[in-house]
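Analysis of the macromolecular model
As a plain string of letters, each chain reads:
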There are 2 protein chains.
Amino acid sequence: MSQHKYTIGVDFGTESGRALLVEVASGKELASSVYKYSHGVIDEALPVKGKAVRLGPDWALQDPEDYLRTFKRSIPAVLRASGVDPADVIGLGIDFTACTMLPTLADGTPLCLLPEYRRNPHAWIKLWKHHAAQPEADKINATARQLGETWLERYGGKISSEWFFAKALQILDEAPESYSAADRLIEAADWVVWQLTGVETRNSCTAGYKAMWSKREGFPREAYFAALDPRLEHVVDQKMSRSIAPIGQRAGGLSAQWAKWTGLRPGTAVAIANVDAHVSVPAASVTEGGRMVAIMGTSICHMVLGDREQLVPGICGYVEDGIIPGLFGFEAGQSGVGDIFAWFVDHAVPPEYHAAARKRKVDLHRLLEAEATKLKPGESGLLALDWWNGNRSVLVDVDLTGVLLGATLATRAPEIYRALIEATAFGTRTIIEAFRDHGVPVNEFVACGGLPEKNKLLMQIYADVTGLELKATASKQTPALGSAMFGAVAAGKAAGGYASIFDAAQTMAHLKKETFSPNRAAQKVYDELYAEYLALHDYFGRGANDVMKRLKHIKANVRNH
Amino acid sequence: MSQHKYTIGVDFGTESGRALLVEVASGKELASSVYKYSHGVIDEALPVKGKAVRLGPDWALQDPEDYLRTFKRSIPAVLRASGVDPADVIGLGIDFTACTMLPTLADGTPLCLLPEYRRNPHAWIKLWKHHAAQPEADKINATARQLGETWLERYGGKISSEWFFAKALQILDEAPESYSAADRLIEAADWVVWQLTGVETRNSCTAGYKAMWSKREGFPREAYFAALDPRLEHVVDQKMSRSIAPIGQRAGGLSAQWAKWTGLRPGTAVAIANVDAHVSVPAASVTEGGRMVAIMGTSICHMVLGDREQLVPGICGYVEDGIIPGLFGFEAGQSGVGDIFAWFVDHAVPPEYHAAARKRKVDLHRLLEAEATKLKPGESGLLALDWWNGNRSVLVDVDLTGVLLGATLATRAPEIYRALIEATAFGTRTIIEAFRDHGVPVNEFVACGGLPEKNKLLMQIYADVTGLELKATASKQTPALGSAMFGAVAAGKAAGGYASIFDAAQTMAHLKKETFSPNRAAQKVYDELYAEYLALHDYFGRGANDVMKRLKHIKANVRNH
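Residues numbered from 1 in each chain as written. Chains lettered and ligands numbered in written order. Predicted model: local features only at pLDDT ≥ 70, side-chain atom pairs only at ≥ 80, totals over all residues. Heavy atoms only, no water.

**Concerning the packing of helix α11 (residues 338-347) of chain B against helix α13 (residues 364-373) of chain B**
Residue and element names in this part refer to chain B. Cut-off, in case you're wondering: Axis definition: a line fit to C-alpha positions, over the contact stretch in the case of helices; interaxial angles, taken between N-to-C directions, run 0 to 180 degrees. Each helix is a run of H or I in the DSSP string that is no shorter than four residues. Each strand is a run of E no shorter than two, and both are numbered from the N terminus. Oblique is the label for every angle not falling under 35 degrees (roughly parallel), over 145 degrees (roughly antiparallel), or within 65 to 115 degrees (roughly perpendicular). We call two residues in contact whenever any of their non-hydrogen atoms come within 4.5 Å of each other.
Direction vectors running N to C along α11 and α13 enclose 100°, while the axes themselves pass 10 Å from each other. With respect to α13, the element α11 is oriented roughly perpendicular. Facing α11, whose interface residues are F341, A342, F344 and V345, α13 presents L364, H365 and L368.

Listed below in structure tokens is the structure:
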């Protein structure tokens, strides 16, 4: 046992899980290890023997054993790679995709592991991007509006089909026997912590952002659930819990069995579970209001803290204690960002650029970025609406679609690539302005995730479009670092960790020295282009011309006949 | 000398000239020969010795000797290839791009062939697509509106920078010495006929469509020209002619010198010159009202005949005797059609489709057509505005730009390819509806040019979108056939030709047996999509949101600084 103490964060992503071993005093990352889920995203057929069990469109499931294997493989791997003495590892934190939920027995056994439920898709884990519960989400929203449920406003006026009760109601609707057999309905985040510690807890982050819970009002009232479906009236007391643990607490100690499987010491502090995006906020050094954290990857999740309740139309939601204990955590998002650039690169770039990228031995994104960097703002004459994957904030409308305007016979691929980046920056600006207009200040922008790491042009455009100074996290694995930080907080100061996440952030979270400041001339042009973006955003997004919805309707009709 | 008589049509295009030898009695095409202009389109520097003479942006010139070489090479070639006795060739007709004009001396010598003017760009032939006279066109329009000139309405309210007086005024503005030295300003179409026959004539087609002349009112009054520029007051009498010959007449007989150069007999009847698009109308069997002829290539030229004067807003113009003697010829157009498909194929299709086309040994257009044919109308969810090259009719606005709407992460190249074809079909429908709404019936659609030949999907989409039966010309060289027909008319009935173009069309013009009829189900969906197209067309094109113009303005500002 040395003077140095360590903590481990485990980040459960969509395709894989990652462990990161970090020094408590400095935040220095010593080792990381990734386990790729053997069944990945299950979206075609269940991984079962015998006759195939096919899944419907928009289904996305996972296998709980993949999560357990993540612990069993990646924790021993980081211990080995770092050479750290397990006795010096004081804490363990986890973060997860959300809402990713499953039905279990009272002892935590996933229903899908029981032979009699193995071939029932509703017994499996519904991954965050399981989108087959839209009818249930529609019903949840309509019923809430009808009964005047006040919690709806906390979520910008609409809840998503990805969320907890939409998924729960889908199980009840389509597989009532599975619903009955489930003693518990639980977030996978909380389930893995339960496995490690033997203690069932429910974290305030997923409860607040995904299950309509709030610290002051609790869950929606039973009369509301009864109005959805009489069998759902007592769902909270029957299958969930009203005891919600604020993040930053200790869930329990590592069990003897899991100590054996991971190589850690029994009793090692395990933190209350958290969500990948939200756990990144303190890892991006943000534990106070005014500084937006954006997790930038295939999509963007925007988070900002505030010290009081504010209704902001069109955001995903706000939760007290949802990100940092004692503060309100506001969340918004863009449903397509890196995904749109990837679409463009995969499906709309002619061979000459592919050949040039091969010749220069760079990724096609890098080649297009280099070409697009040569252009000045406004030089292409192009303007796009970044709705290739709908609009999550502030219009909250999955039926909106992408637009490219201003094309001429002289338009070339790097110009379109740049216009798409600009469009996503304009989308972020609508979110920042929505927050500001409703009393939530945003004065700084801290980026983390895969995109800022890779694309400097994107960072500069976001700075020029938002007029904010852009910073980026030093860590390439911000969620895992955040989880490790919460592990150190769960261990507590006496054990060599921290008394609070505020203290942990001060020493463990680091930003890069390189920042991106708005260029005044570029800002001026982007202010003009943003005004054009906003006019089209409102025209197509706020009902003046619902052509996108009608095209989708025609498309659906044509495909069904 | 045999019983069979023949006629030759020479079609002067943008890059080359083509001669076609045709049997008078049947319209049977016996031989054709193409001469590629040695200097093609001169748009960078004059083809002169010594220090380079660079041309400005949007300039496009040609060399008159390329036209003469066309006759000298292609006519002997078709005589040789067909084995026809020159004594049996009774007539010769020509058609030309327009407005393609040049300054000459009184004897017809092009100014650019004089050593002292050889290095002066304004002494050369300004090709139809010379677009550098926009300031002059703006002045022509503004002055006409100011003075209330009634002829402006015949051209849909606006004349183009491509037209005769814009080009003439540019010479006066920028090279007054060339303007002074020019005894004549003349369409290249009329100039080549002058060369062949020694007789200077001016045809009613270019005079009417490109030089604001009408049979009833003549040219604009001198006071108008004086208002444009005092030096221009007497331009018509000084450098042109008020004697305009209706198409269908004989211009003169082939000179001895040209008989020697071509191998034809001296005195062979030469027809009054014509324009490539307009001469195609009788070659498409159309000599009466109600049947639209569309020349479909990089752009589309739409022509329809009528028996009375009608003001149709947003069309290119109408001219009495302009297409067929005794009738009004209405013309409209789309500035980007095949050009847009070519842009897409060259600049927005990923390598996998290029590879598949190579593998199947087909052109990429054919591959995308085959893939797009598998889609049903409305299935892609996409809608485009076909303004990659501005809008010629009915908005008459070069500053409009292309739009693609409805894109998702699942959008693929064949869907966009189809959406672009559909957009051009919707553009054609706006033109047809403009004609109908203003008393010019359109009941049938006859297509000619390169596109209908190649793309059956396009033909079917145009039928489904317009609700009209689509027919196509049997000839692949409609303009040259039309010119040959006019050659037979110039020769006259007594010489074995025809008394009129009506008679010539009855026996010489043929349509393909295969026609394209509207599919009722497709028509229904396209009616819905057209309503959406029209809403966006009016929103972006009629002033509700001038975002396209503002983006162009920003782009111009950025590029100039």
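Next, the rest of the story.
**Quick look at the nonpolar core**
Quick note on the threshold: Buried residues of nine kinds, namely Ala, Val, Leu, Ile, Met, Phe, Trp, Tyr and Cys, make up a nonpolar core once their side-chain atoms join them within 4.5 Å. Any residue under 20% of the maximum accessible area for its type is buried, any over 50% is exposed, and the rest in between are partly exposed; the area is computed with a 1.4 Å probe on protein chains only.
Counting 162 residues, the largest nonpolar core has A:F435, A:F540, B:F435 and B:F540 as the members making the most contacts within it. Ranked by size, the runner-up nonpolar core spans 82 residues in total, among them A:A98, A:V193, A:L327 and A:L481.

**Quick notes on the relation of the copies chain A and chain B**
What counts is decided by this rule: C-alpha atoms of residues with pLDDT of at least 70 in both copies form the basis for the least-squares superposition of the copies.
With an RMSD of 0.1 Å, chain A superimposes on chain B once it is rotated by 180° and translated 0.0 Å along the axis. As the rotation angle and translation indicate, the two copies are arranged about a two-fold axis. Both copies contact each other with a shared surface, as 100% of the interface residues of chain A are interface residues in chain B too.

**Some words on the side chain of B:S161**
Residue placement: B:S161 occurs in the loop between α2 (134-146) and α3 (164-174). Leaving out residues up to four positions away in the same chain, B:S161 has contacts with B:H130, B:H131, B:A133, B:Q134, B:A137, B:A166 and B:K167.

**Structural notes on the sheet that holds strand β13 (residues 300-306) of chain A**
All names here are of chain A. As a reminder, the rule being used: Two strands qualify as a pair provided DSSP detects at least 2 bridges between them.
Pairing within the open sheet is mixed, and its 6 strands lie in the order β14-β15-β13-β12-β18-β19. For this open sheet the edge positions go to β14 (317-320) and β19 (470-472), each flanked by a neighbour on one side alone. Looking at each pair of strands side by side, their axes are set apart by 25° on average, direction ignored. Taken together, the 7 bridges between β13 and strand β15 (residues 328-334) define a ladder with antiparallel strand orientation.

**Description of the interface of chain A and chain B**
Put simply, the rule is: Note on terms: buried area is the combined drop in 1.4 Å-probe accessible area of two parts once they are placed together, counting the loss on both. Each salt bridge in this description consists of a side-chain nitrogen of Lys or Arg and a carboxyl oxygen of Asp or Glu lying within 4 Å of one another. N or O atoms within 3.5 Å of each other form a polar contact, as long as, within protein, one can give a hydrogen and the other can take it, and as long as residues adjacent in sequence are counted only when both atoms are side-chain atoms. Three categories are distinguished: nonpolar for Ala, Val, Leu, Ile, Met, Phe, Trp, Tyr, Cys and Pro, charged for Asp, Glu, Lys and Arg, and polar for the others, with Gly belonging to the last.
Each partner contributes to the interface: chain A provides 51 residues, whereas chain B provides 51 residues. Buried area between chain A and chain B, summed over both chains or domains, comes out near 4,400 Å², and the portion from carbon and sulfur atoms is 62%. When the buried area of chain A at its contact with chain B is split by residue, A:H347, A:L409 and A:L551 rank highest and sum to 15% of it. Counting across the chain A and chain B interface gives 6 salt bridges. Residues A:R559 and B:E379 are paired through a salt bridge, measuring 3.9 Å at the closest nitrogen-oxygen approach. At the boundary of chain A and chain B, one finds 17 residue pairs in polar contact (both at pLDDT 80 or more). Going through the elements one at a time, α11 (338-347), α12 (351-360), β17 (402-407), α19 (520-541) and α20 (547-560) of chain A are the ones with two or more residues in the side of chain A that touches chain B. Looking at the side of chain A that touches chain B residue by residue, the classes come out as 26 nonpolar, 13 polar and 12 charged.

**Some words on the state of the cysteines**
Here, disulfide denotes a covalent bond that connects the sulfur atoms of two cysteines. All names here are of chain A. This is how the line gets drawn: Whenever a pair of cysteine sulfur atoms sits within 2.5 Å, that pair is classed as a disulfide.
Scanning the model with the defined rule gives 0 disulfides over all chains in all. Free of any disulfide, C205 has its nearest cysteine sulfur in C301, 9.3 Å distant. By relative accessible area, C205 is classed as buried at 0%.

**Focus: the pairing of strand β6 (residues 101-104) of chain B**
All names here are of chain B. Both faces of β6 are covered, namely the face carrying M101 and P103 and the face carrying L102 and T104. Across 4 bridges, the pairing between β6 and strand β8 (residues 184-187) is antiparallel. Looking at β8, one finds that L102 is bridged to I186.

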